[in-house]
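Breakdown of the fold
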Amino acid sequence: MSDTKTLATVWLDGCSGCHMSLLDMDERLIELSSQFTLVYSPLVDQKVFPEHVDVTLVEGAVASEDDLKKVRKIRDHTGVLVSLGDCALTGNVSAMRNRFGPEPVLLRVYPDGQKAPSTGVPALLDRVRPVHEVVPVDVFVPGCPPSADTIYQVLTELLAGRVPTLEGVAHFG
Amino acid sequence: MNVEELQQIAAAVEGERAQYEYEVNVCMGTSCLAQHSDRIREAIEKEAAGCGKKCRARRTGCMGPCAAGPMVLVEPAGIRYGHVLETDAKEIAESLGRKPVARLDPQLGSYFEGQHFRVLENVGHIDPENVEEYIARGGYEALVKALTEMTPAQVIEQIAKSGLRGRGGGGYPTGLKWDTVAKVKGAQKYVICNGDEGDPGAFMDRSVLESDPQRVIEGMAIAAYAIGATKGYIYVRAEYPLAVQRLTVAIQQARRRGFLGNGICETTFSFDVDIRLGAGAFVCGEETALIASIEGKRGTPRPRPPYPAVSGLWGAPTLINNVETFANVAPVIRKGGEWFASMGTARSKGTKVFALTGKIERTGLVEVPMGMTLRQIIFGIGGGVPDGHKFKAVQTGGPSGGCLPEEHLDLSISYDALITAGSMMGSGGMIVMDDTSCMVSVARFFMEFCMTESCGKCVPCRAGTVQMYELLTKICQGEATRRDLEKLEELCEVVGATSLCGLGQTAPNPVLSTLRYFRHEYLAHIDEKRCPAGVCEIGDARRLAHDAARTEVHA
Amino acid sequence: MSAEANIRTLTIDEVDISARADETILEAAREHNIDIPTLCHLEGLSEVGACRLCLVEVKGARRLLPACVTRVEEGMEVTTHSAKIDRYRQMVLELFFAERNHVCSVCVANGHCELQSLALRLGMTHVELPYQYPQLPVDASHPRFTVDHNRCVLCTRCVRVCGEVEGANTWGVMGRGAQSLVITDLKEPWGESETCTSCGKCVQVCPTGALFEKNRAGTKTAKHPEFLPYLRIMREGEQR
Ligand SMILES: Cc1cc2nc3c(=O)[nH]c(=O)nc-3n(C[C@H](O)[C@H](O)[C@H](O)COP(=O)(O)O)c2cc1C
Ligand code: SF4
Ligand code: FES
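Being a predicted model, the structure only gives us computed values, none of them experimental. (Residues numbered from 1 in each chain as written. Chains lettered and ligands numbered in written order. Predicted model: local features only at pLDDT ≥ 70, side-chain atom pairs only at ≥ 80, totals over all residues. Heavy atoms only, no water.)

1. Quick look at the overall build of chain C
Counting its secondary structure elements, chain C contains six helices and ten strands. Its C-alpha atoms give chain C a radius of gyration of 19 Å, within 12% of the compact-globule value 18 Å for 240 residues. Burial statistics for chain C: of 240 residues in total, 54% are counted as buried. When contacts within chain C are restricted to residue pairs at least 6 apart in sequence, those whose partners lie at least 24 apart make up 62%. (Helix = DSSP H or I, 4+ residues; strand = E, 2+ residues; numbered from the N terminus. Rg over C-alpha atoms; globule rule 2.2 N^0.38 Å. Buried < 20%, exposed > 50% of the residue type's maximum accessible area, 1.4 Å probe, protein only. Contact = heavy atoms within 4.5 Å.)

This is the structure in structure tokens:
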């Protein structure tokens, strides 16, 4: 078995800020790339989630039928699932619509009798939910977005075979 | 006022009574009054006069078996009638001195067997709006005795000796409490009577206040003498208009007779009482919230210590006791602490009044000696579960208490035994449940009560009860998982341990006790999506989906 | 009474300390740099014991006791951190986060919020209890300040500072349970309050982004409640 671990990143209902923060690791990305193989990500051209991934970083909340399907599938095929950022952790901004439900949101986007598309796009869930409400999560990384340093710390700890503890290190917001 | 005068008044009352051959006592408790017992009384009086009987029809307080009301008690024969209508008046009047009206027999069976009236000793026998009648039954003897023959310390000694414990729920030794307040230095001290009575299904204190208000006032005056207070407040919820009215009359009469006011019973002791109305918040029964409410502030509890005994109303040392506690005081002083302690168990003395309700043949107010078993109360006095259903559980202690199953029916009622079994005495609500009750729904009902009655001051109770209520709802709807059950248990622990006042601290109790004795019902909802009692409507769709998923796993 | 008679010796987390008899466990602990988390407590205001984060174990006591209101006693043995207390505090904090809409990322107080930093300090990385998402109003009728009930933790610091220090008694609490709300006057819009002096003390003592000054962002939203103890000392001096 090779020393490198497989890494996937996914992006549910979020703003991509967490992924930007990931890229913010700059030259440390190169260091990590020798130990991680990025097998699935919005950043690479791979359409199917692999059979087994060692570590998956999940950005974003679960807001649509598609998110739900995706995250369940990911859970089934992932060793360590990392909830990355406040949207994944708390629902954050994505979940602010929970106070009134999806209908008013659609009405705002498609006003004056325009019809929201019903095919080709996944239906919105009644409630936006944090990832751990839907599938078990192994590591929680707070932050909006978590800093590059935090993400680096998480990944190096995981590489060392330890469960990173971010208690007292990273905060919401 | 002195002993001789009391005796004169008693003699006058007796003289008046002797003019009549018959006495028809008509219950004017809230429940009977709501069925127009006042008109029944008038009708009986008129009819009796019409047929030339020497009879007076009197108004009395709640006689106990409310479900059989309107209740009528004919003396001296001691005949009780139930479900009396105005149209029965003539027949009742004509039957006086003859055969009783058989069809009006209230069918009380063994209702009075084993009951022992101390707190309720005057109920059914006196007009609650007539202080002289109270005096004729030994009323205010105790106050006169305390003021003229005893020192405050001797009064407290008797109360301590009696073993009387607070009837408001906690069961704190009354003598000890009085002693503490008495020893705290303070120019001004207060006595407060807690008549907030907010437990769902409880109506003991209301009944006492409506039936025998002088008794409570006498108890307060004795307490005031013992601790050195000059001013008292009776805090009653405004939802008890009849109790308020009777108390108002009682206070006026007590003042007129010199049991309240300056220089009571020709001594230097002065004491007066006022009524304060509560707006019906359950939390205002908690002593510090109640005090805040009397002070005109928002009724929220504050951390104790300092206890009211040290810093209570307006910062002054304050004695606060429950209605029934005060109602027990006069007999202790009259007959001595040892007499009182001769009844009951080792650490729970005297009697306890219970409001027996729920799935029970004879709903009503009962007074039993401490140490009686639940079975005797429920199956003997209460006549058991009606309509061929099976007994399932009995809830005591209201939203702070718990549900005890059949195997605890032989438990002897006492403060400690109930707590050990996972419930508590509480103020005296006793709700019987049969096999048609879903215990998860019962727990959910009480949690909803705590959630809406939480004052909102501290977060574990304010937010924790909401979370627990939602989890219970989820279980009832068949949507919950084992993980949810774990969360529920964790919340129970944290809310109980961290809440500021008794409301939050005990809010998990109904859940904990039903989990202890009826865990299988929770698991049926969770694992099988089934409500064993058939109460919760778990949609067929949900059950089918569940069954299908199971087949899938097994396939 | 002599000075010594007013001194109590006790242990907090097995450290021997002495404190004045009128001090609370919290005051004694802080003087000795022992950390006890608090939220409703604020130096210079009366104590309400409402947030329950300062609960500590006292040997011999049947229940956990709030350090902010419990006076020191001779021979007391206090434990401020244990696996159990930490677990309770975490859950209490979770209850705070779940009950209203504390979306830190879009809060004016982000970075200056006591609730947010408590989560960091107590190591709370996520909330397991379901969020409640209540629909709560924002009142921006006051020319200088805004109240956002979504961020309110009901610590009642605003109520206390307004009554006890400013003496205006503009703030109060209405409703009960989860429906409790801090209000100005008899729930008039803040901007129409006849009692509010616009002193801004409530804003400075608010631990979260519930009360904030308009037209401020970033570091300028930091609150400054330090004036309180100072004010109190000065006033007490005056009264003497
Ligand atoms: C939430 C709550 C509600 C209470 N309600 C009542 C009540 O309705 N009546 C009452 O007498 N005591 C009530 N209590 C108990 C009082 O705080 C207090 O202990 C009692 O009045 C003391 O009287 P006792 O020693 O005679 O029992 C309540 C306590 C709590 C925590
Ligand atoms: S436990 Fe409930 S009722 Fe008691 S102070 Fe806290 S919020 Fe109020
Ligand atoms: S700081 Fe003590 S309870 Fe809030």
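2. Here we look at the site of ligand 2
Close to ligand 2 lie 13 residues; Cys455, Cys458, Cys461, Cys501 and Gly504 of chain B are nearest. Its residues assigned to classes, the shell around ligand 2 comprises eight nonpolar, four polar and one charged. (Near = heavy atom within 4 Å. Nonpolar A, V, L, I, M, F, W, Y, C, P; charged D, E, K, R; others polar.)

3. A few points about the sheet that holds strand β4 (residues 79-81) of chain B
Residues and elements named next belong to chain B. Taken in spatial order, the four strands line up as β2-β1-β3-β4 in an open sheet, and their pairing is mixed. Because the sheet does not close on itself, it has two edges, and the strands there are β2 (55-60) and β4. In this sheet, adjacent strand axes meet at a mean angle of 20° when their direction is disregarded. Direction of pairing for strand β3 (residues 72-75) relative to β4: antiparallel, over a ladder of three bridges. Residue pairing across strands places Val72 opposite Tyr81, the latter belonging to β4. Strands in contact with helix α3 (residues 37-50) are β1 (22-27), β2 and β3; relative to β2, the strand with the most contacts, it is inclined by about 170°. (Pairing = 2+ DSSP bridges. Axes fitted to C-alpha atoms, helices over the stretch in contact; angles between N-to-C directions.)

4. Quick notes on the interface of chain B and chain C
Counting residues at the interface gives 31 residues for chain B and 30 residues for chain C. Across the interface of chain B and chain C, roughly 2600 Å² is buried in total on both sides, 55% from carbon and sulfur atoms. Between Arg176 of chain C and Glu453 of chain B there is a salt bridge; the shortest N-O distance is 3.5 Å. Applying the counting rule to chain B against chain C returns 18 residue pairs in polar contact (both at pLDDT 80 or more). Looking at the side of chain B that touches chain C, the elements that each hand over two or more residues are α18 (439-453), α19 (459-476) and α20 (482-498) of chain B. A per-element tally of the side of chain B that touches chain C places α20 of chain B first, with nine residues. Per-class residue counts for the side of chain B that touches chain C are 13 nonpolar, nine polar and nine charged. (Buried area = accessible area lost by both parts, 1.4 Å probe. Salt bridge = Lys/Arg side-chain N within 4 Å of Asp/Glu carboxyl O. Polar contact = N/O pair within 3.5 Å; in protein donor to acceptor, adjacent residues only side chain to side chain.)

5. Notes on the sheet that holds strand β4 (residues 65-66) of chain C
All names here are of chain C. A sheet is described by the order of its strands in space; here five strands give the open sequence β2-β1-β5-β3-β4, paired in mixed fashion. Either end of the sheet is taken by a strand with one partner, and the two such strands are β2 (15-20) and β4. In this structure, strand β3 (residues 55-58) lies alongside strand β5 (residues 77-79), joined through two bridges in antiparallel fashion. Considered in β5, the bridge of Val58 is made with Val78. Strands in contact with helix α2 (residues 83-99) are β3 and β5; relative to β3, the strand with the most contacts, it is inclined by about 160°.

6. So, the side chain of Lys487 of chain B
In this structure, Lys487 of chain B sits in helix α20. For Lys487 of chain B, the contacting residues outside a window of four places in its chain are Leu471 of chain B together with Met91, Glu128 and Leu129 of chain C.

7. Let's talk about the pairing of β2 of chain B
Each regular strand carries side chains that alternate between the two faces of the sheet. Residue and element names in this part refer to chain B. For β2, a buried count of five out of six residues is recorded, marking the element as mostly surrounded by other parts of the structure. The pairing of β1 with β2 spans six bridges and is classified as parallel. By the bridge assignment, Asn25 is partnered in β2 with Arg58.

8. Topic: the site of ligand 1
Residues and elements named next belong to chain B. In the vicinity of ligand 1 there are 18 residues, among which Gly168, Lys177, Asn321, Asn322 and Thr325 approach most closely. Gly198 places a polar main-chain atom, nitrogen or oxygen, 3.5 Å from an oxygen atom of ligand 1. At 2.7 Å, a side-chain N or O of Thr325 approaches an oxygen atom of ligand 1. Contact with the protein chains covers 88% of the free accessible surface of ligand 1, which is 600 Å². Secondary-structure elements contributing two or more residues to the shell around ligand 1 are β8 (318-322) and α21 (502-506). It is β8 that provides the largest number of residues to the shell around ligand 1, a total of three residues. (Areas by Shrake-Rupley, 256 points an atom, 1.4 Å probe, with all protein chains shown as cover.)

9. Quick look at empty space enclosed by the protein
All chains considered together, the criterion is met by eight cavities of 30 Å³ or more. Looking at the largest cavity, its volume works out to about 140 Å³. Taken together, 15 residues line the largest cavity, and the ones lying closest to its centre are Thr90 and Asn92 of chain A together with His102, Val103 and Tyr131 of chain C. Taken together, the residues of the lining of the largest cavity break down into eight nonpolar, four polar and three charged. (1 Å grid on protein atoms, 1.4 Å probe; cavity = no way out; pocket = protein on both sides within 12 Å on 5 of 7 lines; lining within 4 Å. Points joined across faces, edges and corners; volume = space filled by probe spheres on them.)

10. Topic: the nonpolar core
Formed by 88 residues in total, the largest nonpolar core has its most connected members in Val131 of chain A, Tyr522 of chain B together with Leu93 and Phe96 of chain C. Ranked by residues supplied to this core, first place goes to α19 of chain B with nine residues. Leu93 of chain C has contacts with Leu53, Leu115, Leu118, Ala119, Leu122 and Met124 of chain C, leaving out every residue within four places of it along the chain. (Core = buried A, V, L, I, M, F, W, Y, C linked by side-chain atoms within 4.5 Å.)

11. Observations concerning the interface of chain C and chain A
In this assembly, 23 residues from chain C lie in contact with 25 residues from chain A. Surface buried jointly by chain C and chain A totals about 1900 Å² across both partners, of which 63% is contributed by carbon and sulfur atoms. Sorting the residues of chain C by area buried against chain A places Leu120, Thr125 and Tyr133 of chain C first, and these three jointly supply 34% of that buried surface. Our count for the contact surface shared by chain C and chain A stands at zero salt bridges. For the pair chain C and chain A, the interface holds seven residue pairs in polar contact (both at pLDDT 80 or more). At three residues, helix α3 (residues 114-121) of chain C tops the list of elements feeding residues into the side of chain C that touches chain A. Taken together, the residues of the side of chain C that touches chain A break down into twelve nonpolar, ten polar and one charged.

12. So, the domain arrangement of chain C
Residue and element names in this part refer to chain C. Under the domain assignment used here, chain C contains domain 1 (4-81) and domain 2 (87-239). Contacts between the two partners involve 22 residues from domain 1 and, on the opposite side, 24 residues from domain 2. Between domain 1 and domain 2, the buried area comes to about 1800 Å², and carbon and sulfur atoms account for 62% of it. On the domain 1 side of the contact with domain 2, Leu39, Leu45 and Leu53 bury the most area, a combined 36% of that side's loss. (Domains from an automatic or database assignment.)

13. Let's talk about the environment of Glu129 of chain B
Residue and element names in this part refer to chain B. Along the chain, the position of Glu129 falls in the loop between α4 (89-95) and α5 (131-136). Along the backbone, Glu129 and Arg519 are 390 residues apart, and their C-alpha atoms lie at a distance of 50 Å. Setting aside its immediate chain neighbours within four residues, Glu129 contacts Arg59, Gln245, Arg246, Val249 and Gln253. Among the polar contacts listed, one links the side chain of Glu129 to the side chain of Arg246, at a separation of 3.3 Å.

14. Here we look at the arrangement of the chains
By contact count, the dominant pairing among the two pairs of chains in contact is that of chains B and C. One finds no contact linking chain A with chain B; the least C-alpha distance across the pair is 11 Å.

15. A look at the domain arrangement of chain B
All names here are of chain B. In terms of domain boundaries, chain B breaks down into domain 1 (3-104), domain 2 (139-341), domain 3 (351-434) and domain 4 (439-527). Its C-alpha centre places domain 2 at a distance of 27 Å from the equivalent point of domain 3. Domain 2 puts 15 residues into the contact, and the matching count from domain 3 is 20 residues. Interface area for domain 2 against domain 3, summed over the two sides, is near 1400 Å², with a carbon-plus-sulfur share of 59%. Its largest share of buried area at the contact with domain 3, domain 2 owes to Arg167, Phe203 and Met204, together 36% of the area lost on that side. Connecting domain 2 to domain 3 are two salt bridges. The residue Lys352 makes a salt bridge to Glu324 at a minimum N-O spacing of 2.7 Å. The interface formed by domain 2 and domain 3 holds eight residue pairs in polar contact (both at pLDDT 80 or more) in total. Classifying every residue of the side of domain 2 that touches domain 3 by side-chain character gives five nonpolar, six polar and four charged.

16. Quick look at the packing of helix α7 (residues 152-162) of chain B against helix α10 (residues 213-227) of chain B
Residues and elements named next belong to chain B. Contact geometry for α7 and α10: axes closest at 7 Å, N-to-C directions at 120°. Between α7 and α10, the angle falls in the class oblique. The handedness of the crossing between α7 and α10 comes out as left-handed. Contact residues: α7 offers Pro152, Val155 and Ile156, while α10 offers Ile222, Tyr225 and Ala226. For the contact of α7 with α10, the class distribution of residues is six nonpolar, no polar and no charged. (Parallel < 35°, antiparallel > 145°, perpendicular 65-115°, else oblique. Left-handed = near helix turned anticlockwise from the far one by under 90°.)

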